[in-house]
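A closer look at the structure
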Amino acid sequence: MAQTGERDQPGFRLKDNAMGLIEKLLHNLKAPRWGVHPDDHKRPAADAPLRTLPLPSRLYVPLLQHVGQPARPVVLVGQEVRKGQLIAEPQGRISAPVHAPTSGRIAAIGEITAPHPSGLPFEAITIETDGHDRAVEVDVPADPFTLAPAEVTALISAAGVVGLGGATFPSSVKLALGKRSEITTLIVNGGECEPYLSCDDRVMRDRAADVIDGVRLMLHCTGAREALVGIEDNKPEAIAAMRRAAARFPEIKVRPVPARYPMGSDRQLIETLTGKEVPSDCRAADVGVIVNNVSTANAVHRAVRRGEPLIERIVTINGGAVWQPGNILAPIGTLAADLLAFAGLKSEPARLVMGGPMMGAVLPHARVPIVKGSAGILAFNEDEVAIPEAGPCIRCGNCVQACPIGLLPLEMAANVRAGDLQAAASLGLSDCISCGCCAYICPSHIPLVQYFSHAKGELWAQERDKLRMEATRKLAAERAVRLEREAAEKSEAAARRKAERDAAKRAEAAAMAAAENAVTEAAE
Amino acid sequence: MNLNQLQPPTAPHSLSANSVSRIMLTVLATLVPATTFGFWLYGWPALFLWIITVLAALLGEAACLKLAGNNALPTLSDGSALVTGWLLALSLPPWAPWWIGAVGGLFATMLAKQVFGGLGYNLFNPAMVARVFLLISFPVQMTVWIAPMPITSAAAPGFHDGLLIFLGNIPKPDAIASASLLGFAKTELSRGTDLLHSLVGSAYGISLAGARAGSLGETASLLIAAGGLVLLTLRIIAWHIPVSMIAGIAIPALVANAIDPARYLDVTSHLLSGGAMLGAFYIATDYVTSPNSKAGQLVFGFGCGFLTYVIRTWGGYPEGVAFAVLVLNACTPVIDRYLKPRILGRNWRGAPLDPAVERAKS
Ligand code: SF4
Ligand code: SF4
């Protein structure tokens, strides 16, 4: 940009205007062409005031609520626990602890249904709540900014904070990684581009100051110079609230971004806010950026300032079958059934989804607990899930246009259908983020994402088999070498023994001959 | 493998309201003004020809589906056969006898589409395959054009005469037989008359009003273009093919006409004649037979336009849109192989970007 002094001269003004126009044009050209614009269905749920769920009588707290190794229980059945007490500790390098969401008695430690389409059972700690909500005593640092970044990160780690945007990667691991890879920019994801969901919106509206405080703490942990808060422009209330809260901190900038799915996906948001493209085989940290969700920032604030572990979250209850859609504050481990009962159902849901409609997983039934990463429970009615029968691909190119990664979904799907997974892989299948834009927009209603998930699974299995086979082959080869060596050694030893025997024989014969000679000589 | 029946269903759980039949019906709706205008100019025979061509196309599709043992109704209702028949009808001489439309319609959906496996599997644009087939097999019937005479004018045939013309029972009155602009220019040039003289005083100048001999789609070029613009704004087609195809015709036409206006037609005549507009907005943009990346579409469109110009100017036929589109259709798989979109985080060759370069950006 030209300096003010220069700008006053007419020549420069003309140039400046032209530059402005070109910049605008470039900006328009650079505006995202990818993605889709689904009906967001966020209101009225987003505008309904936050409600708090009455404490359920039982909570089912899963041990694996994050990416990485499951936590290991440190309590026994029958034991009394308090709110915020550690009930399972992390194991391994990437893991997160789990805490009791309220006070009560450990009723069971064992298998329940996973919040995953497979519906496979998994480990959880069942707590019978006592209704007193008695918390453990905690110490909080008077001023966390005087602590070393690693100490703050340790507090976050101990609180079991994980990425709440859906990836559920342990936050402390991410922040520590940031420290190592010279992060310059912290991106705070307030995109919430999935339709129906509004929990992040609610957090920004109701707890903006806490979120901004969490952002400052994360800046402290990572050493990043600035934080860019990206919020989709369909949330004006959130933008206003966050701007107000961030006004005192020049290092934190609130940046509205166009509402377009999947704007909340890391790579898309990074590119929109910084112009940086994360290389395909790299992490965001490799280009000096880390991304954290606004709800994560809120959790960081609570962990550090109040010593409160991540034991509750705001969940959006929405969908055509819900009587009073809205956002509900609920302890982790609450059954989806309890939340739906609280919000009320208009009709029997035709489909239950945990997460958003674009990427969420179908729940086999409502007796599934919410976890740290559960942004929403959606109960769809018949009309919302009516999926017309798939037709042939008319090569319309809508999927190509919509794919935020620049893939050719139609070609990949054709390859998968033909069983040629390698061809699909060579088209970039591994870069696919399963965002669902292609399947959403397809006029022939081809379940493209299903094809890709299937192919990714197969390729992964093949890769694993290949590794296994290679390992077997290596073992076999090693065994052959060993056997050969042993055989060689054996025959060598045999030869040696034979040679020794022969030598001994010869020596004996020679001695005999000598003796005979001696005898003969003596006789002569 | 049928993943459609897989349980449980996977994301996305919401779908857009878009559908194939919705796309096709929108395309047809944008063709209505041009077609009605054509009926008004060319009268009853044109209407009858349109009806039989569309019916034949539908019948061809239905027959093939029945033969294959499928229920024809769901496929017919996707509207694609209707679009094929309609576009073919727009590219025929409006007073051609009934069997031209019937043979063409059947050929388009049976041999140019269903034989390849139906919608989405054909390599060539069915309407253009049928048109070229008709042109080569019946060159006489396919090149008799008539001067437009609004249905209300005295010279226009009534319902009964129209039916007779349609059935090929009465010869067309000589007085109204005419030539298309491109055909006229070509004949005159081959007779040694240069364009500066041959076109003077002829009726060809007033093509904008549609008062020019040609197929329904040619005469109503501007309405066709308007329909195309509607499709563009509705994002049913992208701008890449129409713009590059128009450029492919306009650029060589501008250059050649500037060099020798006596020998080469001007840009406007080129763009508003023959199938240029119909081709650019409705034929070359056919989803199935055009490339799927933007870069590929630009190459494809420009190729269609340029080849059209070459055939019109130096080839044996006065019009070249159909041939040009078919040639480029054949190139589509190759274009698709070499011009792929760039994958995010990778360069054009598919190698991951350099993190150091991206880190330095701000
Ligand atoms: S959107 Fe569907 S019909 Fe269109 S090209 Fe992609 S897969 Fe084919
Ligand atoms: S699901 Fe994969 S292929 Fe489809 S749009 Fe998203 S990234 Fe592209």
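Just above sits the structure.
Scope of this entry: the structure provided in the associated data block. (Residues numbered from 1 in each chain as written. Chains lettered and ligands numbered in written order. Predicted model: local features only at pLDDT ≥ 70, side-chain atom pairs only at ≥ 80, totals over all residues. Heavy atoms only, no water.)

Here's the deal with the overall build of chain A
Just so we agree on the cut-off: Comment: elements are numbered from the N terminus, with helices defined as DSSP H or I runs of at least four residues and strands as E runs of at least two. Two residues form a contact once any of their heavy atoms are found within 4.5 Å. With residues, only the protein chains shown are counted as cover, and all accessible areas are computed by Shrake-Rupley using a 1.4 Å probe. When charges are counted, Lys and Arg are positive and Asp and Glu negative, with His and the chain ends excluded. To locate a charge, the coordinates of NZ of Lys, CZ of Arg, CG of Asp or CD of Glu are taken.
Summing up its helical and strand segments, chain A has 16 helices and 17 strands in all. Once the C-alpha set of chain A is aligned to its principal axes, its extents read approximately 135 × 75 × 60 Å. Considering only intrachain contacts with a sequence separation of at least 6, the fraction spanning at least 24 residues in chain A is 71%. On chain A, roughly 24400 Å² of surface is accessible, and the fraction owed to carbon and sulfur atoms is 55%. A gap of 3 Å separates the mean positions of the 60 positive and 62 negative side-chain charges of chain A.

With respect to the site of ligand 2
Residues and elements named next belong to chain A. Heads up, the rule is: Nearness is defined per residue: one heavy atom within 4 Å of the molecule or strand is enough. Here the nonpolar group is Ala, Val, Leu, Ile, Met, Phe, Trp, Tyr, Cys and Pro; Asp, Glu, Lys and Arg are the charged ones; every other residue, Gly included, is treated as polar.
Around ligand 2 sit 14 residues in total, of which Cys-403, Cys-432, Cys-435, Gly-436 and Cys-438 are the nearest. Elements supplying a minimum of two residues to the shell around ligand 2: helix H13 (409-417), helix H15 (437-441) and helix H16 (448-523). Of the residues that constitute the shell around ligand 2, the class distribution is 12 nonpolar, 2 polar and no charged.

Focus: a nonpolar patch on the surface
Residues and elements named next belong to chain B. For the record, the criterion: Residues forming no salt bridge and having over 30% relative accessible area are the ones grouped into patches, like charges within 9 Å of each other and nonpolar side chains (Val, Leu, Ile, Met, Phe, Trp, Tyr) within 5 Å. Basic side-chain nitrogens of Lys or Arg form a salt bridge, by our definition, when they fall within 4 Å of a carboxyl oxygen of Asp or Glu.
Taken together, the side chains of Ile-251, Leu-254, Val-255, Ile-259, Phe-302 and Phe-306 present a nonpolar region at the surface, about 590 Å² in accessible area. Elements supplying a minimum of two residues to the nonpolar patch: helix H12 (240-259) and helix H15 (294-314). The greatest single-element share of the nonpolar patch, amounting to 4 residues, is contributed by H12. Looking at the element boundaries, Ile-251 is found in helix H12.

Re the interface of chain A and chain B
Worth spelling out the cut-off: Put simply, buried area is how much 1.4 Å-probe accessible surface two parts lose in total, over both of them, once they are put together. Pairs of N or O atoms are called polar contacts if they sit within 3.5 Å, as long as, within protein, a hydrogen donor faces a hydrogen acceptor (for residues adjacent in sequence, only side-chain-to-side-chain pairs).
Taken together, the contact between chain A and chain B spans 69 residues of the former and 43 residues of the latter. Interface area for chain A against chain B, summed over the two sides, is near 4600 Å², with a carbon-plus-sulfur share of 57%. Seen at the junction of chain A and chain B, the total is 3 salt bridges. A salt bridge links A:Glu277 to B:Arg342; the nearest nitrogen and oxygen atoms lie 2.8 Å apart. Counting the contacts that link chain A with chain B gives 23 residue pairs in polar contact (both at pLDDT 80 or more). Among the secondary structure elements, those contributing two or more residues to the side of chain A that touches chain B are helix H8 (266-274), strand E15 (351-354), strand E16 (361-362), helix H11 (382-385), helix H12 (398-402), H13, H15 and H16 of chain A. Split into classes, the residues belonging to the side of chain A that touches chain B amount to 37 nonpolar, 18 polar and 14 charged.

Description of the sheet that holds strand E10 (residues 226-232) of chain A
Residues and elements named next belong to chain A. Heads up, the rule is: Strands qualify as paired when DSSP identifies two bridges or more between them. An axis is simply a line fitted to the C-alpha atoms; with a helix, the fit covers only the stretch in contact. Between two such axes, the angle follows the N-to-C directions and lies from 0 to 180 degrees.
The parallel open sheet is built from 4 strands, whose spatial order is E11-E10-E9-E12. What marks the edges here is a single partner per strand, and that holds for strand E11 (252-257) and strand E12 (289-293). Strand-to-strand, the axes of this sheet are offset by a mean angle of 25°, without reference to chain direction. Two elements, strand E9 (residues 185-190) and E10, share 6 bridges in a ladder whose sense is parallel. Across the sheet, Leu-186 pairs through a bridge with Ala-227, a residue of E10.

So, empty space enclosed by the protein
Residues and elements named next belong to chain B. What counts, and what does not: Using a 1 Å grid laid over the protein atoms alone, points where a 1.4 Å probe fits but cannot get out form a cavity; open sets with protein on both sides within 12 Å along at least 5 of 7 lines form a pocket; any residue with an atom within 4 Å of a point counts as lining. Grid points are joined across faces, edges and corners, and a volume is the space filled by probe spheres set on the points.
Applying the stated criterion across every chain, the model contains 5 cavities of 30 Å³ or more. By volume, the largest cavity is sized at about 340 Å³. Lining the largest cavity are 23 residues; nearest its centre among them are Met-24, Val-83, Tyr-282, Asp-286 and Tyr-287. Sorting the residues of the lining of the largest cavity by element identifies helix H1 (20-67), helix H3 (80-90), helix H5 (126-137) and helix H14 (276-283) as the ones contributing at least two each. Per element, the largest residue contribution to the lining of the largest cavity is 4 residues, and it comes from H3.

Here we look at the sheet that holds strand E14 (residues 326-331) of chain A
All names here are of chain A. Taken in spatial order, the 6 strands line up as E1-E14-E13-E17-E15-E16 in an open sheet, and their pairing is mixed. The open sheet terminates on both sides in strands that have one partner only, identified here as strand E1 (51-52) and E16. Pairing between strand E13 (residues 312-318) and strand E17 (residues 376-380): 3 bridges, direction parallel. Looking across to E17, one finds that Thr-316 is bridged to Gly-376. Most of the contacts of helix H5 (residues 199-206) go to E13, to which it runs at about 125°, and overall it touches E13 and E14.

Things to note about unusual backbone geometry
Note on backbone geometry: most residues besides glycine have negative phi, and most peptide bonds are trans. Residues and elements named next belong to chain A. In the segment running from Arg-43 into Pro-44, the intervening peptide bond is cis, with an omega of 10°. Inspection of the secondary structure assignment puts Pro-44 in the loop between helix H2 (10-30) and E1. The omega torsion across Tyr-261 and Pro-262 is 0°, close enough to zero to call that bond cis. Mapped onto the fold, Pro-262 is located in the loop between E11 and H8. In this structure, Asp-133 is a non-glycine residue whose phi angle is positive, near 55°. Inspection of the secondary structure assignment puts Asp-133 in the loop between strand E8 (121-129) and helix H3 (149-158).

Digging into the pattern of salt bridges
We apply this condition: Working definition: with a 1.4 Å probe on protein chains only, accessible area under 20% of the residue-type maximum means buried, over 50% means exposed, and in between means partly exposed.
The final tally for this structure, using the stated rule, is 28 salt bridges over all chains. B:Asp336 is paired through a salt bridge with A:Arg395; the nearest N and O atoms lie 3.0 Å apart. You can see B:Asp336 sitting in helix H16 (residues 321-338) and its partner A:Arg395 sitting in the loop between H11 and H12, one on each of two chains. Neither residue differs from the other here; B:Asp336 and A:Arg395 are each classed as buried. For B:Lys113, the salt bridge goes to B:Glu61, with nearest N and O atoms at 3.1 Å. Of this pair, B:Lys113 sits in the loop between helix H4 (98-110) and H5 while B:Glu61 sits in helix H1, and the two are 52 residues apart along the sequence. Take B:Lys113 and B:Glu61: they sit in the same class, and that class is buried. One network of salt bridges, with partners in common, ties together A:Arg43, A:Asp47, A:Asp201, A:Arg205 and A:Glu237.

Digging into the state of the cysteines
Under the convention used in this document: Cysteine sulfurs are considered disulfide-paired once they come within 2.5 Å of each other.
If you walk through the whole model with that rule in mind, you get 0 disulfides over all chains. The cysteine A:Cys282 is free of any disulfide, with A:Cys432 supplying the nearest cysteine sulfur at 19 Å. No disulfide involves B:Cys304; its nearest neighbouring cysteine sulfur is the one of B:Cys331, lying 9.0 Å away. Classification of B:Cys304 by relative accessible area gives buried; the value is 0%.

Here we look at the site of ligand 1
Ligand 1 sits among A:Cys393, A:Ile394, A:Arg395, A:Cys396, A:Gly397, A:Asn398, A:Cys399, A:Leu410, A:Cys442, A:Pro443, A:Ile446 and A:Leu448. Taken together, the residues of the shell around ligand 1 sort by class into 9 nonpolar, 2 polar and 1 charged.

What to know about helix H11 (residues 221-233) of chain B
Residue and element names in this part refer to chain B. Selection criterion: The length a helix should cover is 1.5 Å for every residue beyond the first. The arc under discussion is defined with respect to the helix axis, by the directions toward the C-beta atoms.
For H11, spanning 13 residues, the distance from its first C-alpha to its last is 18 Å, which sits close to the expected 18 Å at 1.5 Å a residue. Turning to H11, its buried residues are Ser-221, Ile-224, Ala-225, Gly-227, Gly-228 and Leu-231. Buried residues of H11, viewed axially, fall in a sector of 160°; they line one side. Buried residues belonging to H11 abut H1, H3, helix H10 (216-219), helix H13 (267-272) and H14. Positive phi appears at Arg-235, one or two residues downstream of H11, with a value of about 60°.

Focus on the nonpolar core
Heads up, the rule is: What we call a nonpolar core is a set of buried Ala, Val, Leu, Ile, Met, Phe, Trp, Tyr and Cys residues that are connected through their side-chain atoms within 4.5 Å.
Ranked by internal contacts, the top residues of the largest apolar core, which has 81 residues, are B:Leu31, B:Leu87, B:Ile224 and B:Tyr282. Ranked by residues supplied to this core, first place goes to H1(B) with 15 residues. Beyond its immediate stretch of four places on either side in the chain, B:Tyr282 contacts B:Val27, B:Thr30, B:Leu31, B:Leu87, B:Ile224, B:Gly227, B:Gly228, B:Leu231 and B:Met277. Among the nonpolar cores identified, the runner-up in size contains 53 residues, and A:Val162, A:Val188, A:Ala238 and A:Ala246 belong to it.

Details of the environment of B:Ala127
Residues and elements named next belong to chain B. For Ala-127, the position within the fold is in helix H5. Residues Ala-127 and Thr-84, 43 residues apart in the sequence, show an inter-C-alpha distance of 5.4 Å. Setting aside anything within four residues of it in sequence, one finds Ala-127 in contact with Thr-84, Leu-87 and Leu-88.

Let's talk about the environment of A:Ala423
Residues and elements named next belong to chain A. Position of Ala-423 relative to the elements: it lies in helix H14 (residues 421-426). Ala-423 gets classed as buried once you look at its relative accessible area, which sits at 18%. It is 9.2 Å that separates the C-alpha atoms of Ala-423 and Glu-411, two residues lying 12 residues apart in sequence.

Remarks on the pairing of E10(A)
Residues and elements named next belong to chain A. Short version of the rule: Crossover handedness is defined here as right-handed if the route from the first strand over the helix to the second strand goes clockwise, with the strands pointing away from the viewer.
When you tally the buried positions in E10, you get 6 out of 7 residues, the bulk of the element. Pairing analysis gives 6 bridges linking E10 to E11, with the strands arranged parallel. Looking at the pairing, Ala-227 lines up with Ile-252 of E11. Tracing the backbone out of E10, into helix H7 (residues 236-246) and back to the parallel element E11 gives a crossover that is right-handed.

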